[in-house]
Amino acid sequence: MSKEIVIVLDFGGQYNQLIARRVRECNVYCEVLPYYTDLEKIREISPKGIIFTGGPASVYGESAPRCSREIFDMGIPILGICYGAQLMSYLLGGTVSKAPVREYGRTEVTVDRTSLLFTDVEETSVCWMSHTDYISKPAEGFRITAHTDSCPVAAVEKADQKLYAVQFHPEVVHTREGAKMLRNFLYEVCGCKGEWKMNSFAEENVRMLREKIGDKKVLCALSGGVDSTVTAVMLSKAVGRQLTCIFVDHGLLRKNEGDEVEEVFRNQFDLNFIRVNAQQRFYDKLKGVEEPERKRAIIGEEFIRVFEEEAKKIGKVEFFAQGTIYPDVVESGKDGSKDSAKIKSHHNLALPDYIDFDELIEPLRMLFKDEVRKVGLELGIPEHLVFRQPFPGPGLAIRIIGDITPEKIAILQDADAIYREEIAKAGLDKKLSQYFAALTNMKSVGVMGDGRTYDYAVALRAVSTTDFMTAEAAEVPWEVLGKCASRIVNEVQHVNRVLFDCTGKPPATIEFE
Ligand code: XMP
């Protein structure tokens, strides 16, 4: 463990990992721990500082998450954010009240620049508020260091005890000077040196994994995607051949993808690699199935069965590794955030109880995708793997509308390969967030040579997005699309029409099913 560490104490806020990320961006290692973490454990970790996150509760609520009051006497600098700020004030004897109207969104804030937290911060700038309760009377010994029009106490501090609190959210980009404020807390208040880098994350995790695993065995499910690749490579660096990776080829991968994944893992990394060619099993199960969620369920179940059979051959393993990253945790509602409507069942975080193992290892659980990529590069994984576009677990099954046949899969693989080739030739592959071909279930009339055809329409899709929760249809130059259309109808049998999807998300989704 790095000596210089800051702890984010999680009170159920929406942005807890974002805070951690901002701290890491200041080159300080950071971990998120639940609010009920033992003070003894905190003392052991001996952090340079602690940040209390926001949260949906009110400090007066019966089940409000609270930490022990003694945390303020440990001599560790603390920054409270939103609910965290209110809790600090409340526990130290201040008053928190309910505001008549909720303050939400961008707000002009005026700060006292003599505060260490606001060193070099503009006196008036924009911050992002999201609260109903507010600190109506600061706790004894605290002074007010910021206000907005409707919030007289937007920040308080007790500098001699290194306790700071802000009502707004410095971690979101809408708070213009937020990054500077967090940096000030880390450097000016906590005295951090900022020697941590992403490669320290890779190195430290490799070392920690080696220590944790010892001479035991680890099993990892490998899809060839960025997250599972980085997880596997990190583990292979830690424990080499004590690691076995199982790659289930369900026959719904892109053209030649199974062979490419196998080639890389067999030849470039030190681990036991097992490829299971289970194509036919999946095709049999999917025969005649049209409904998207049913397809997902079948693929998920069959995947587990195949995996289980292979895992049994290996026998008992002590650890099972998964490439879960932070957005998976959030989208699946496992971070304590509020329920959201289920649009698609993307991520399966259910513990795999079908394998006999003692402990789950998820080394990337607190990272965002771009951070995972940085770690991948640090580990020496080839760029073309690190910058792969996302590919869904159920693969082409959700890019073929309606029922799936081996013939349709082959058509789609060929059309998609041409599209990807042309996008790369045009230098667009790194600019687009995701792009692929889909096979519509529509047949239409065409004319080829002198004859009538009645064949499939292929749809091309390209989107730009940062978080994949919303997306815009990306512009692909007409000449690139024209070239794709002409190559696809000429080179791929049974396609006589090519369409381009120019819908955003919402109202469409990125995948077709
Ligand atoms: P949608 O289609 O929901 O896609 O706009 C958003 C992102 O999620 C990926 N996606 C999936 N990933 N299993 C996965 O592992 C799935 O069932 C699944 N469905 C969608 C999609 O590729 C896009 O990046």
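Cut-offs used in this document
- Residues numbered from 1 in each chain as written.
- Predicted model: local features only at pLDDT ≥ 70, side-chain atom pairs only at ≥ 80, totals over all residues.
- Heavy atoms only, no water.
- Salt bridge = Lys/Arg side-chain N within 4 Å of Asp/Glu carboxyl O.
- Helix = DSSP H or I, 4+ residues; strand = E, 2+ residues; numbered from the N terminus.
- Buried < 20%, exposed > 50% of the residue type's maximum accessible area, 1.4 Å probe, protein only.
- Phe/Tyr/Trp six-rings, centres within 6.5 Å; stacked < 30°, edge-to-face > 60°.
- Lys NZ or Arg CZ within 6 Å of the ring centre and 35° of its normal.
- Core = buried A, V, L, I, M, F, W, Y, C linked by side-chain atoms within 4.5 Å.
- Domains from an automatic or database assignment.
- Contact = heavy atoms within 4.5 Å.
- Pairing = 2+ DSSP bridges.
- Axes fitted to C-alpha atoms, helices over the stretch in contact; angles between N-to-C directions.

Caption draft 1: How the structure looks around the pattern of salt bridges. Under the criterion given, the structure shown has 40 salt bridges. The partner of Glu511 in a salt bridge is Arg399, and the shortest N-O contact between them spans 2.8 Å. Taken together, the positions of Glu511 in the segment after β18 (495-501) and Arg399 in the loop between α12 (383-386) and α13 (406-425) put the pair 112 residues apart, joining distant regions of the chain. Accessibility classification places Glu511 together with Arg399 in one group, the buried group. Residues joined by salt bridges that share partners form a network here, namely Glu421, Glu422, Lys425, Lys483, Arg487 and Glu491.

Caption draft 2: Quick look at the packing of aromatic side chains. One pass over the full model with this rule turns up 16 aromatic pairs. Measuring from ring centre to ring centre gives 5.7 Å for Phe265 and Phe269, while their planes differ by 45°; the resulting arrangement is tilted. Take Phe265 and Phe269: they sit in the same class, and that class is buried. Centre to centre, the rings of Phe303 and Phe307 are 6.1 Å apart; their planes meet at 15°, and the pair counts as stacked. Within this pair, Phe303 and its partner Phe307 are both found in helix α9 (residues 292-314), separated by four residues, close to a single helical turn. Taken together, the ring pairs connect Phe11, Tyr35, Tyr36, Phe52, Phe72 and Tyr83 into an aromatic cluster. For the cation-ring pair, Arg21 lies above Phe368, with the distance from its terminal atom to the ring centre recorded as 5.2 Å.

Caption draft 3: Layout of the nonpolar core. Counting residues in hydrophobic clusters, the biggest one holds 47 residues, and the most contacted among them are Leu252, Tyr419, Leu460, Val476 and Ile488. At the level of secondary structure, the elements contributing two or more residues to this core comprise β11 (243-249), α8 (279-286), α9, α13, β15 (434-448), β16 (451-464) and α14 (478-491). Considering each element in turn, this core owes the most residues, seven residues, to α13. When residues of this core are assigned to domains, at least three fall in each of domain 2 (198-386) and domain 3 (399-501). Excluding anything up to four places from it in sequence, Val476 contacts Tyr419, Ile423, Leu428, Ala462, Leu481 and Phe500. Membership of the second largest hydrophobic core comes to 43 residues, among which are Cys220, Val264, Ile325 and Val372.

Caption draft 4: Seen up close, helix α3 (residues 83-91). For α3, a buried count of eight out of nine residues is recorded, marking the element as mostly surrounded by other parts of the structure. Listed as buried for α3 are Tyr83, Gly84, Ala85, Gln86, Leu87, Met88, Ser89 and Leu91. On the buried face of α3, the contacting elements are β3 (49-52), β4 (78-81), β5 (95-111), β6 (124-137), β8 (155-158) and β9 (163-166). Where α3 terminates, the next one or two residues include Gly93, which has phi positive at roughly 105°.

Caption draft 5: The sheet that holds β3, seen in detail. Strands sit in the order β2-β1-β3-β4-β9-β8-β7-β5-β6 across an open sheet of nine strands; the sheet is mixed. Each of the sheet's edge strands pairs with one partner strand only, and the pair in question is β2 (29-34) and β6. The mean angle between the axes of side-by-side strands here comes to 20°, regardless of whether they run parallel or antiparallel. Note: β8 against β9, four bridges, orientation antiparallel. Looking at the pairing, Ala155 lines up with Val166 of β9.

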